[in-house]
Amino acid sequence: MKEKKYLTDTTLRDGEQSPGFAFNIAEKARLAQLMDEAGIYQIEAGVPAMGKHEKDAICKIVSNKKNARISTWNRIIKEDILHSFDCCPDIIHISAPVSYVHIYSKLKKNKVWLQKSLQDCVSLALDKGYTVTVGMEDASRADITFIISIANIMKDMGVAGIRFADTVGVLTPFRTYQAISEIINNTGISVGIHAHNDLGMAVANSLEAAKAGADFIDTTLFGIGERAGNCDLNHFISVADKLFDISPGYAAAMSLKEYAGEILFK
Amino acid sequence: MIKITDVTLCSLNNEAAQNKNVPELYGLLFKTGINFVEINVPVYESIKENVDKRNTILRVQDPTEIKYYPGFSRYICRHSGFFTRLETISEIQINDIREIKLMNKFNEYHNIRIVGLDDLLQHDYISAFDRIKKINSGALELCPQNSCYCASALAVEWILNGGSSVAVSFSGNGGFAALEEVVMALRITKRHKPNLDLSVFVQIKNLFEEITEKKILKNKPVIGNGIFDVESGIHVDGIFKNGSNYEPFEPSVVGMKRKIVIGKHSGSTAIEMKLKEYNINFPDNRFSELLASIQEECIRLRRSITDQEFVAFAKELIQ
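Residues numbered from 1 in each chain as written. Chains lettered and ligands numbered in written order. Predicted model: local features only at pLDDT ≥ 70, side-chain atom pairs only at ≥ 80, totals over all residues.

The name given to chain B in an unreviewed UniProt entry is Homocitrate synthase NifV, with the source organism recorded as Ruminiclostridium sufflavum DSM 19573.

By the naming in an unreviewed UniProt entry, chain A is Homocitrate synthase NifV, taken from Ruminiclostridium sufflavum DSM 19573. Here is the UniProt Sequence similarities (unreviewed entry) comment for chain A, exactly as written: "Belongs to the alpha-IPM synthase/homocitrate synthase family." (UniProt positions renumbered as here; feature names shortened; annotations may be inferred.)

Structure, rendered in structure tokens:
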């Protein structure tokens, strides 16, 4: 029996961040509906902190959804979480930069600050009864022991899972396998993979992550996303379908691509 | 020592192979840090004066042709059962992992290129690499094919796991691992930097597009025109502080420039930078109004806006 894996599609968040895309509410809602019908497990619908338009779009997606779980993307800022509450998603995803370059050079903070801010935001969402997942941003350039330490704290707090983000797309398959295995072996927490395609390895790295035990795989339609994009949903399905029990299947994914393409590239 | 062979010129169709720009492309490929360029006989006949035989591999239909084209560093020939000389690479097609055992038939060959193995990443590819090396201890070159979208990853993993030679093509033309992805990945993961300056990729891309009449996608890894375009507020802010926050390598390494694009996801840092770039003195107290208006306009247009549109937009709001 094939092992079950779950797709988190981030076309409506990371995909739309790619310059050139700007969906209106109806388009976001339609794309989410198509993904839901195709059998995508989780739809990352957007970033509520962006403002009213984005929140209206996410609210519509939440009210229309049938089977998919709808998640929102948040920084480790309490106001972001409060914006997410307004959208009533199924999952609140909080992204925490974990590499030293991001903590010290981007945020200009330190590890203690990061840990405390993350815990505060996670508590805020958990106390409100939400399912919370935590993104380890720039994890591929981070100290693995720091990731494990944060993951263990998150698990103890009741976080449903973490997402290992190869934010700048520098992973190779073997390194991906090693990192995901090490996190799972040392924490037991559910892990997802968020790959970028900067070296043309997003599909390969996502596949290796799944082989190493990652339960959740982030994809986008047509592989759109920052810079060289993310893991292409259809490409991933075409290679992972043989190994894993995964939805959508190949035919449904092709059909989704066809209908979504009419919206993305009209 | 890592050896990379570029097979781009053998992956061109007949018309493209006769293009007047092929000699220039041939010369530029060496500047990417690769070791050999592979050409076939028709290409050789048309660019003869430009060919440096010392680092060029000639593809022949069968080994008997070799005597007509002396002096090349090496020759390659699809395996046909003929005896091949030491300097001739026997190319064998191993379609998938199940066919690795077929390699036993080629025990006596000392110079082999394996083409195919598209599906290796769906399996335990490291054990498969070991099996391949155990079956044949001679010079092995891997030329993975891309029907499973993992060819570049396989070529890099082959090298990282002790293999020494790979064959690739520019932009993965012909369904192979992409030259630029493999070169960049080895540079990042193995510090393999035979050539510090990879800005030649821009010239190669332009020539390749002209020769093949194929447009490289704007998000093609390493060479796409749009890979250093950045719009989202978080990313612009991060890159403004330090490019390495959100870029795997400096744009200048591959001859490109970063471009801030104004769109639905832009934040205040990007807007401030654009206003400054175009010397627009915009009142601080109307800043959020500008940001909200831009977001609305981009949603209406269903796209990012151009710099000219941004300037017109900002100036109109001031008036």
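Don't stop here, the text continues.
**Observations concerning the overall build of chain A**
Counting secondary structure elements, chain A contains eleven helices and nine strands. Here chain A has a C-alpha radius of gyration of 17 Å; the compact-globule value for 266 residues is 18 Å, and the two agree. By principal-axis analysis of the C-alpha atoms, chain A measures approximately 45 × 40 × 35 Å. When burial is assessed residue by residue, chain A has 59% of its 266 residues classed as buried. (Helix = DSSP H or I, 4+ residues; strand = E, 2+ residues; numbered from the N terminus. Rg over C-alpha atoms; globule rule 2.2 N^0.38 Å. Buried ≥ 20, exposed ≤ 12 C-beta atoms within 10 Å, placed from the backbone.)

**Let's talk about the domain arrangement of chain B**
All names here are of chain B. Domain annotation of chain B identifies domain 1 (3-212) and domain 2 (229-318). Here domain 1 and domain 2 have C-alpha centroids that lie 42 Å from each other. Contact with domain 1, which involves six residues of that partner, is made by six residues of domain 2. Those elements giving two or more residues to the side of domain 1 that touches domain 2 turn out to be helix 6 (179-190) and helix 7 (200-212). A breakdown of the residues in the side of domain 1 that touches domain 2 according to their chemical character gives five nonpolar, one polar and no charged. (Domains from an automatic or database assignment. Contact = placed C-beta atoms within 7 Å. Nonpolar A, V, L, I, M, F, W, Y, C, P; charged D, E, K, R; others polar.)

**Re the interface of chain A and chain B**
If you look at the interface, chain A gives 33 residues, while chain B gives 45 residues. Taken together, the elements giving at least two residues each to the side of chain A that touches chain B come down to helix 5 (100-106), helix 8 (173-187), helix 9 (202-212) and helix 10 (233-240) of chain A. Among the elements that take part in the side of chain A that touches chain B, helix 5 of chain A stands out by supplying four residues, more than any other. Of the residues contributing to the side of chain A that touches chain B, the split by class is 15 nonpolar, 13 polar and five charged.

**A closer look at the environment of E277(B)**
All names here are of chain B. Inspection of the secondary structure assignment puts E277 in helix 9 (residues 268-277). Its 12 C-beta neighbours within 10 Å are what place E277 among the exposed residues. Expressed as a C-alpha distance, the spacing of E277 and L12, which sit 265 residues apart in the sequence, is 43 Å.

**Comments concerning the nonpolar core**
Residues and elements named next belong to chain B. Within the largest apolar cluster, 171 residues are counted, with the highest numbers of intra-cluster contacts made by L154, V166 and V182. Domain assignment of the residues forming this core places at least three in each of domain 1 (3-212) and domain 2 (229-318). Those residues in contact with L154 that sit more than four places away from it in its chain are L117, L120, L121, Y125, P144 and A177. (Core = buried A, V, L, I, M, F, W, Y, C linked by C-beta atoms within 7 Å.)

**Description of unusual backbone geometry**
What you tend to see is this: most non-glycine residues have negative phi, and most peptide bonds are trans. All names here are of chain A. For the peptide bond that leads from S247 to P248, omega is 5 degrees, which places it in the cis range. Position of P248 among the secondary structure elements: in the loop between strand 9 (244-246) and helix 11 (250-264). Its identity is not glycine, yet K108 carries a phi of approximately 55 degrees, on the positive side. Even without being glycine, R227 reaches a positive phi, approximately 55 degrees.

**Quick look at the packing of helix 2 (residues 25-38) of chain A against helix 3 (residues 52-64) of chain A**
Residues and elements named next belong to chain A. As a packed pair, helix 2 and helix 3 sit with axes 9 Å apart at the nearest point and diverge in direction by 35 degrees. Both helix 2 and helix 3 take part in a crossing whose hand is right-handed. Contacts between helix 2 and helix 3 involve I25, K28, A29, A32 and Q33 from the former and H53, D56, A57, K60, I61 and N64 from the latter. Looking at side-chain class alone, the contact of helix 2 with helix 3 contains five nonpolar, three polar and three charged residues. (Axes fitted to C-alpha atoms, helices over the stretch in contact; angles between N-to-C directions. Left-handed = near helix turned anticlockwise from the far one by under 90°.)

**Section: the sheet that holds strand 3 (residues 56-60) of chain B**
All names here are of chain B. With respect to topology, eight strands assemble into a closed barrel ordered 1-2-3-4-5-6-7-8, the strand pairing being parallel. Going from strand to strand, the sheet's axes swing by 25 degrees on average, the running direction of each strand aside. Summarising the sheet, strand 5 (residues 88-94) and strand 6 (residues 111-116) pair through five bridges and their orientation is parallel. Within strand 6, the position partnered with S90 by the bridge is I112. (Pairing = 2+ DSSP bridges.)

**Focus on the UniProt feature "domain: Pyruvate carboxyltransferase" (unreviewed entry) in chain A**
In the numbering adopted here, UniProt assigns the feature "domain: Pyruvate carboxyltransferase" (unreviewed entry) to residues 5-260 of chain A. For residues 5-260 of chain A, the end-to-end C-alpha separation is 23 Å, with 48% helix and 18% strand making up the annotated structure.

**As for the packing of helix 8 of chain A against helix 9 of chain A**
In helix packing, the relevant descriptors are the interaxial angle and the interaxial distance, both defined with respect to the helix axes. All names here are of chain A. Between helix 8 and helix 9, the shortest axis-to-axis distance is 8 Å and the interhelical angle comes to 35 degrees. For the pair helix 8 and helix 9, the sense of crossing is right-handed. Contacts between helix 8 and helix 9 involve P173, T176, Y177, I180 and S181 on the former and, on the latter, A204, N205, E208, A209, K211 and A212. Within the contact of helix 8 with helix 9, the residues separate by chemical class into six nonpolar, three polar and two charged.

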